[in-house]
Amino acid sequence: MCEKNNCACNSSDSPVFDFSKLDPVMDKYKKTPGSLITILQKAQDIYGYLPKEVMNYISQETGVKPSKIYGVVTFYTQFRLEPIGKNLIMLCQGTACHVNGAKMIEESICEELGVQEGETTEDGLFTLNNVACLGCCSLSPVMMINGETYGKLTKDSVKKILKEVRNAEKSGEVK
Amino acid sequence: MKVIVGQGSCGIAAGANKVFGEFEKLINEKQLNVSLEKTGCIGTCYLEPMVDIVDDMGKKTTYVSINPEQVIELVEKHLEGNTLVSDYMISDEDSDILGKQKRIALRNCGVINPESIDEYIEAGGYEATKKVLTQMSQAEVIDEMKISGLRGRGGAGFPTWFKWDAANKSPGDEKYMICNADEGDPGAFMDRSVLEGDPHSVLEGMIIGGYAIGAKEGILYVRAEYPLAIIRLEKAIEQAKDKGFLGNNILGTNFNFDMRIKAGAGAFVCGEETALIASLEGERGMPRLKPPFPAQKGYWQKPSNINNVETFGNITWIINNGGAAYAAMGTEKSKGTKVFALTGKIKKGGLVEIPMGLTLREVIYDIGGGIKDEKAFKAVQMGGPSGGCIPAELIDTTVDYESLTKTGAIMGSGGMVVMDETTCMVDMARYFLDFTRKESCGKCNYCRIGTKRMLEILERITEGQGKEGDIELLEELATKIKDGSMCALGQTAPNPVLTTLKYFRNEYEDHIYNKKCTAKSCKSLLTFTIDETTCTGCTLCARKCPVNAITGEVKKLHKIDQELCIKCGKCESSCKFKAILID
Ligand SMILES: Cc1cc2nc3c(=O)[nH]c(=O)nc-3n(C[C@H](O)[C@H](O)[C@H](O)COP(=O)(O)O)c2cc1C
Ligand code: FES
């Protein structure tokens, strides 16, 4: 495919990926039928997202056609085709959070960061993703940043939290 | 003495890890002879973080809403000084809430350490497995389920014994027992709490079910968003293998059964059983036509049975106490108990397990403590995107499959979201349609395109662009989508619209014809004005307004230019004198 058509994924400026990191995953799963999703999950854990190069490599190793891999990747919301920021904000849009004002919180985050849901800030510090119920409805509205949950959010408290995370990042850089 | 910190997702979110860490630090520093343990969610999430201190006589004191700074006080007074700290103790009223429930699926949640198989066994765990494997035939197990009247807790309410019987009778020696832990309802977390708080009870339910249908392998399909549940299940499986409850020749019998976990990848439709099977096989999670049912052709075309987490959570209790004891609870056609995630505008939100047949009023007022901030109760949403809104006038509806279905809502998997006068019902319908539109797998035209069209209309209405004929068009589309969709996702997607149209048609009409949102929730339909009597002319709102729509001189009444106003609400939130009026 790619070789013949000379498509973009073969262009020389595409980033180089260390496929050897995937070898243990391949050894474990490539012969087990039905493991494609598991392999993709592990690959995303390693690379942070699923670049075309990685999908092609998985295709070569497993014999599953790239078109099928792409079909699976785009079906499930967990898979990302683009890298994400350093801090992943998971904003709950579950029913309880919606009833308690999650949209307002989203507006506040977008305003503070200057991005829309699904996007990453220019400095690469934050990505905003909407998710369904985080299981802490009694604290709604709720968001999670890097596994830490913040509840009972208000328009102002959410901005304060983001500023704190950003400051922590900056002071980290100084060190 | 023993200190137990609740560490379900809700507890952790409220800061339980920090509380645990503080206890750990102080107990070590002071070299106290105290054991520190964790447990799952007991359900009263609004009281988290919760700490139990059990003295040597076994007497338990429960402390609620503990923050890390208060830990030192508990350590010094209670652990060292042996005196109770009454300020932080759970109130009688709150402990009563637990008394009003009947806990079967949640029996161990918030009680035992979910990471310890020994504690589970001490609480009577794996007795049911022993009984089934050594004393009961497959038919006897299925019969016990039939007597219990247990119906699936995943939403559809199909009798469990019937499915097990079908899978048992289906020819083939390779069969699968699958646990549906995909918990898709975006406002519910019952299954997660059971998995996090009592993973062994789910495993045991699967082992017993596996035995009954003749399966050799069990697979748990767990939502990817539930990392803690996955960790605890992995541990539980390891422990069960070590103790010989999983593997070959379990308990010396010739029954072999193994178990593994498969993490989902984020697709609501994968909760539908045929889609779940496709996903297990590594495919896109697209549902297919039934029949053949999974009992005939399931995972890799082999006979398979799929049950919900909570369904499995009930099995051991039924085996230990007998199907008749289970059937003694509930109503004629809905037996036993059901777990609900009671959330929204409710005072005491959390997980509750109640016998079927209570009224919604009893759940919302007696257990949930009523509506937050003394607002008026408007409706309760049940069944998530497949369900509907039950209005205040039907609050005496009993919680059972048939009565709830009669209202147009469904029992669902257990989401119960309470709404008050500030919730706009048209916006709720829009919210759910937005969800189903995104989650439609795209196979059926009516589901894929129909939900999009319905969403567009609902968006239009909430933005003040609704027009004559929109309600009728919604109704027409709803019927077509129900008829034209293959799986239950599409067939039920219009329910949130249909129930709100049925009970709150006036709200739709207000939006369309009067351009009014009585709940004051749809921004485009609001008018912001400044109150002549309370405005002090402080100029703050004028400075905050992003579009310079507010004018006025210092110390004089300000005015909002309605043409320019974008209804962002910044003036309202910045005004210190409550002088901004919204209508
Ligand atoms: C779109 C859709 C989503 C579903 N999501 C779930 C789910 O998250 N969890 C679940 O147990 N059942 C879910 N179901 C129901 C399952 O298809 C199935 O009926 C259930 O798992 C059977 O188990 P039970 O008999 O124990 O209820 C869903 C069904 C549909 C159509
Ligand atoms: S709906 Fe947001 S945490 Fe449950």
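The rules behind these values
- Residues numbered from 1 in each chain as written.
- Chains lettered and ligands numbered in written order.
- Predicted model: local features only at pLDDT ≥ 70, side-chain atom pairs only at ≥ 80, totals over all residues.
- Heavy atoms only, no water.
- Near = heavy atom within 4 Å.
- Polar contact = N/O pair within 3.5 Å; in protein donor to acceptor, adjacent residues only side chain to side chain.
- Areas by Shrake-Rupley, 256 points an atom, 1.4 Å probe, with all protein chains shown as cover.
- Helix = DSSP H or I, 4+ residues; strand = E, 2+ residues; numbered from the N terminus.
- Nonpolar A, V, L, I, M, F, W, Y, C, P; charged D, E, K, R; others polar.
- Buried < 20%, exposed > 50% of the residue type's maximum accessible area, 1.4 Å probe, protein only.
- Contact = heavy atoms within 4.5 Å.
- pLDDT = per-residue confidence, 0-100.
- Pairing = 2+ DSSP bridges.
- Phe/Tyr/Trp six-rings, centres within 6.5 Å; stacked < 30°, edge-to-face > 60°.

### Structural notes on the site of ligand 1
All names here are of chain B.
So, point 1. In the neighbourhood of ligand 1, 18 residues make up the surrounding shell, with Gly154, Lys163, Gly184, Asn308 and Thr311 lying closest.
So, point 2. Here an oxygen atom of ligand 1 and a side-chain polar atom of asparagine 180 are 2.9 Å apart.
So, point 3. Measuring from an oxygen atom of ligand 1, one finds a backbone N or O atom of glycine 271 at 3.2 Å.
So, point 4. When ligand 1 sits alone it has 610 Å² of accessible area, and the protein chains cover 90% of it.
So, point 5. Of all the elements in the fold, those that place two or more residues in the shell around ligand 1 are strand 8 (304-308) and helix 20 (488-492).
So, point 6. Looking at the shell around ligand 1, the element that brings in the most residues is strand 8, giving three residues.
So, point 7. Classifying every residue of the shell around ligand 1 by side-chain character gives four nonpolar, eight polar and six charged.

### A few points about the side chain of Thr127(A)
Residue and element names in this part refer to chain A.
So, point 1. Residue position: threonine 127 is located in strand 2 (residues 126-131).
So, point 2. What makes threonine 127 buried here is its relative accessible area of 1%.
So, point 3. With sequence-adjacent residues up to four places away left out, threonine 127 is seen in contact with Ile84, Gly85, Asn87, Leu88, Ile89, Gly118, Glu119 and Thr120.

### Let's talk about the confidence of the model for chain A
As a note on interpretation, predicted positions should not be read in detail where pLDDT is low.
So, point 1. On average, chain A scores 89 in pLDDT, and the residues at 70 or more come to 90%.
So, point 2. Helix 5 (residues 66-75) of chain A holds the highest mean pLDDT among the elements of chain A, 97, whereas helix 1 (residues 2-5) of chain A holds the lowest, 45.

### A word on the pairing of strand 13 (residues 415-420) of chain B
All names here are of chain B.
So, point 1. Most of strand 13 is tucked away, with six of its six residues classed as buried.
So, point 2. With burial as the criterion, each face of strand 13 is covered, one bearing Gly415, Val417 and Met419 and the other bearing Met416, Val418 and Asp420.
So, point 3. Summarising the sheet, strand 9 (residues 337-344) and strand 13 pair through four bridges and their orientation is parallel. Bridge pairing in strand 13 links threonine 343 to valine 417.
So, point 4. One ladder, built from five bridges, connects strand 11 (residues 377-382) with strand 13; its direction is antiparallel. Residue glutamine 381 lies in a different strand from strand 13, and its bridge partner there is valine 417.

### Regarding the packing of aromatic side chains
Residue and element names in this part refer to chain B.
So, point 1. One pass over the structure, following the stated rule, counts 15 aromatic pairs over all chains.
So, point 2. Ring plane angle 80° and centroid distance 5.3 Å describe the contact between tyrosine 120 and tyrosine 126, whose orientation is recorded as edge-to-face.
So, point 3. For tyrosine 126, a relative accessible area of 0% gives the class buried.
So, point 4. Ring centres 5.4 Å apart and planes at 40° place the aromatic pair tyrosine 299 and tryptophan 300 in the tilted group.
So, point 5. By relative accessible area, which is 3% here, tyrosine 299 ends up buried.

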